[in-house]
Amino acid sequence: MTVLSICLALLAALGNAVASVLQRRAAADEKAGRPTPKVSWLFHLLRRPVWLWGAGALALSGACQAAALATGPLAVVQPVMTTELLFTLVVGSVVFRSRPDRRTRWAFVAMATGLAAFLALASPSGGRSTVPGNRWLVVAVSVSALVLVLVVTALRLPSSPRAAVLGTATAIGFSCTAALMKDAIGRLTDGVGALLTAWQTYTALGVGLFSFLLLQATLRAGTLVASQPALTLGDALLSVVLGAVLFDEELALGLRIVPEAAALAVLALGSVQLARSPVVAGQGKEDMW
């Protein structure tokens, strides 16, 4: 089942990458066309088949992520979702006909190796399908306070630090969304009605929307290079913690914690270098992103 959840998480990450590239492609084509007012430009964009294909890919990605969370530990699924950056590089290179340089290819290998090594060493396993309400209460208070502090702090910072701090807050939101989604899906054993009436289902939608809006603020605050490490590692690390605290998932720590930290460092360095790639950062040679 863990292998199945990894495959589904990879498909979800691929879907996110395809959606990002296709919708940026559509936006670039619309921008290159005749000038239109901002609202009209949005309506024109919605009528573009490429943009709609991107929206379809995003919907498929959400379904794959939900299935991955239903079949595997949170501490596996969310770290694997960081491969979206890798898929963005591959898909973007094809769509925008921009070949990555040697440094970018090495960053790709480093990020993939770091992720694989961390998952192999930590070996997340076990866990329950649903979470007792009292656990959610403690986590909700703690996480809400942390996100509030991060957002308020970010307002006082210059561009790059602000992007990093907001990226951390965004990562927290996405990891909590995934945890809520997993808890909601776990209630399907009691029937579809249990899923539709569970507060986790609607809270996941609300937190997910908030996190999406926070991501837009993060991307506007500074470069992708500044925010990507926090987005990549923040989501992965907090998901590992939430998996243990909420779902009783088990991790292999002990003496392995040193090589696990090294694997995460390699993952972080790879993500930073990938974020510098013009294809990923949205600075392709055609200036279409």
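Above this text is the structure in question.
All of these numbers come straight from a predicted model, not from anything done at the bench. Residue numbers here run from 1 along each chain, matching the order of that chain's written sequence. Predicted model: local features are reported for residues with pLDDT of at least 70 only, side-chain atom pairs are reported and counted for 80 or more only, and whole-chain, interface and lining totals are derived from all residues. Hydrogens are left out, water is left out, and the side-chain values use all remaining heavy atoms of the structure.

**Q** Describe in detail the overall build of the protein chain, supporting the description with residues and values.
**A** Starting at the N terminus, helices and strands are each numbered in turn, a helix being any DSSP run of H or I of at least four residues and a strand any DSSP run of E of at least two. When you go through the protein chain residue by residue, the secondary structure sums to 13 helices and zero strands. When its helices and strands are written in sequence order, the protein chain yields α-α-α-α-α-α-α-α-α-α-α-α-α. Looking at the protein chain residue by residue over its 289 residues, the buried ones come to 44%. Any two residues having at least one pair of non-hydrogen atoms within 4.5 Å are treated as being in contact. The long-range share in the protein chain, meaning contacts at least 24 apart out of those at least 6 apart in sequence, stands at 81%. To measure how exposed things are, a 1.4 Å probe is used in the Shrake-Rupley method; for residues, cover is taken only from the protein chains shown. Split by element, the accessible area of the protein chain, about 14,400 Å² in all, is 70% carbon and sulfur. Burial classification: accessible surface area is computed with a 1.4 Å probe over protein chains only, and a residue below 20% of its type maximum counts as buried, one above 50% as exposed, and the rest as partly exposed.

**Q** Talk me through the side chain of Ser239; I want residue IDs and the actual numbers.
**A** Looking at the element boundaries, Ser239 is found in helix 11 (residues 224-247). For Ser239, a relative accessible area of 0% gives the class buried. With residues up to four places along the chain from it excluded, the contact list for Ser239 reads Leu74, Ala75, Gln78 and Ser175.

**Q** Please set out helix 4 (residues 74-81) residue by residue, giving values where relevant.
**A** The element helix 4 is largely enclosed, with a buried count of eight among its eight residues. Looking only at helix 4, the buried set comprises Leu74, Ala75, Val76, Val77, Gln78, Pro79, Val80 and Met81.

**Q** Tell me what's going on with unusual backbone geometry, and back it up with residues and numbers.
**A** Peptide bonds are mostly trans, and most non-glycine residues show a negative phi. Look at Ser123: it is not a glycine, yet its phi comes out positive at around 45°. Mapped onto the secondary structure, Ser123 falls in the loop between helix 6 (102-122) and helix 7 (133-154). Judged by relative accessible area, which is 35%, Ser123 ranks as partly exposed. Of note in the backbone geometry, Asp248 takes a positive phi value of approximately 60° without being a glycine. Checked against the element boundaries, Asp248 lands in the loop between helix 11 and helix 12 (257-275).

**Q** For the packing of helix 7 against helix 8 (residues 159-185), give the residues involved together with the corresponding values.
**A** Packed helices, taken two at a time, are described by the angle between their axes plus the distance between the axes. In this description, a line fitted to the C-alpha atoms serves as the axis of each element, helices being fitted only across the stretch in contact, and the angle between N-to-C directions of two axes falls anywhere from 0 to 180 degrees. Interaxial distance between helix 7 and helix 8 falls to 8 Å at its minimum, and their mutual angle equals 160°. By the angle class used here, helix 7 and helix 8 are roughly antiparallel. Pair helix 7 / helix 8 crosses with left-handed handedness. Counted together, Trp136, Val143, Leu146, Val147, Leu150, Val151 and Ala154 of helix 7 and Arg162, Val165, Leu166, Thr168, Ala169, Ile172, Cys176, Ala179, Leu180 and Asp183 of helix 8 form the full contact between these two elements. Amino acids are sorted into nonpolar (Ala, Val, Leu, Ile, Met, Phe, Trp, Tyr, Cys and Pro), charged (Asp, Glu, Lys and Arg) and polar (every other residue, Gly among them). Among the residues forming the contact of helix 7 with helix 8, the class breakdown is 14 nonpolar, one polar and two charged. Should an angle lie under 35 degrees it is considered roughly parallel, over 145 roughly antiparallel, and from 65 to 115 roughly perpendicular; all remaining angles are considered oblique. By definition, turning the near helix anticlockwise from the far helix through less than a right angle yields a left-handed crossing, and turning it clockwise yields a right-handed one.

**Q** Lay out the side chain of Thr104 with the relevant residues and their values.
**A** Here Thr104 is to be found in helix 6. Apart from the residues lying within four places of it in its own chain, the contact partners of Thr104 are Leu89, Leu274 and Ser277.

**Q** Explain the nonpolar core to me, using residue names and the numbers behind them.
**A** Joining through side-chain atoms within 4.5 Å is the link that ties buried Ala, Val, Leu, Ile, Met, Phe, Trp, Tyr and Cys residues into a set, and such a set is a nonpolar core. Counting residues in each nonpolar core, the largest one holds 52 residues, and the members touching the most others are Leu242 and Leu246. The element best represented in this core is helix 8, accounting for nine residues. Setting aside chain neighbours within four positions, we find Leu246 in contact with Arg128, Val131, Arg135, Trp136, Val139 and Ala179.

**Q** Now, about the packing of aromatic side chains: what can you tell me, with residues and values included?
**A** Classification of ring pairs uses Phe, Tyr and Trp, with its six-membered ring standing for Trp, and accepts pairs whose centres are within 6.5 Å; under 30 degrees between planes counts as stacked, over 60 as edge-to-face, and the remaining range as tilted. A full pass over the atoms with the stated rule returns one aromatic pair. With a centroid separation of 6.2 Å and an interplanar angle of 80°, the aromatic rings of Trp136 and Trp199 are classed as edge-to-face. Here Trp136 is found in helix 7, whereas its partner Trp199 is found in helix 10 (residues 199-221), with 63 residues between them in sequence. We count a charge as sitting over a ring when the NZ of a lysine or the CZ of an arginine lies within 6 Å of the ring centre and within 35 degrees of the ring normal. When the ring centre of Phe247 is taken as reference, the NZ or CZ atom of Lys182 above it lies at 5.6 Å.

**Q** Can you explain the packing of helix 6 against helix 12? Please cite residues and give values.
**A** Their axes nearest at 7 Å, the elements helix 6 and helix 12 cross at an angle of 150°. When the axes of helix 6 and helix 12 are compared, the pair comes out roughly antiparallel. Between helix 6 and helix 12 the crossing geometry is left-handed. Of the residues in helix 12, those touching helix 6 at Arg103, Thr104, Ala107, Phe108, Ala110, Met111, Gly114, Leu115, Ala117, Phe118, Leu121 and Ala122 are Pro259, Glu260, Ala263, Leu264, Val266, Leu267, Gly270, Ser271, Gln273 and Leu274. Among the residues forming the contact of helix 6 with helix 12, the class breakdown is 15 nonpolar, five polar and two charged.

**Q** How would you sum up a nonpolar patch on the surface? Please name residues and give values.
**A** In this analysis, a patch consists of residues with relative accessible area above 30% that form no salt bridge, clustered at 9 Å for like charges and at 5 Å for the nonpolar side chains Val, Leu, Ile, Met, Phe, Trp and Tyr. Any carboxyl oxygen of Asp or Glu within 4 Å of a side-chain nitrogen of Lys or Arg constitutes a salt bridge here. Taken together, the side chains of Leu188, Val192, Leu196, Tyr202 and Leu205 make up a nonpolar region of the molecular surface, amounting to roughly 510 Å² of accessible area. Every element with two or more residues in the nonpolar patch is listed here: helix 9 (192-197) and helix 10.

**Q** Give me the lowdown on helix 5 (residues 84-95), citing residues and values where you can.
**A** For helix 5, which comprises twelve residues, the first-to-last C-alpha distance of 16 Å matches the rise-based estimate of 16 Å (1.5 Å per residue) to within 8%. When helix 5 is considered as a whole, its buried residues turn out to be Leu85, Leu86, Thr88, Leu89, Val91, Gly92 and Ser93. Trailing helix 5 by a residue or two, Arg97 shows a phi angle of about 50°, which is positive. To estimate how far a helix should extend, the number of its residues minus one is multiplied by 1.5 Å.

**Q** Tell me about the pattern of salt bridges, and please be specific about residues and values.
**A** According to the stated counting rule, one finds three salt bridges in the structure shown. One salt bridge connects Asp248 with Arg128, and the closest N-O pair in it is separated by 3.5 Å. With Asp248 in the loop between helix 11 and helix 12 and Arg128 in the loop between helix 6 and helix 7, the pair connects residues that are 120 residues apart, well separated along the chain. Given the relative accessible area of 34%, Asp248 is considered partly exposed. In this structure Arg128 comes out as partly exposed when scored by relative accessible area, which is 35%. One continuous salt-bridge network, built from bridges that share partners, spans Arg128, Arg135 and Asp248.

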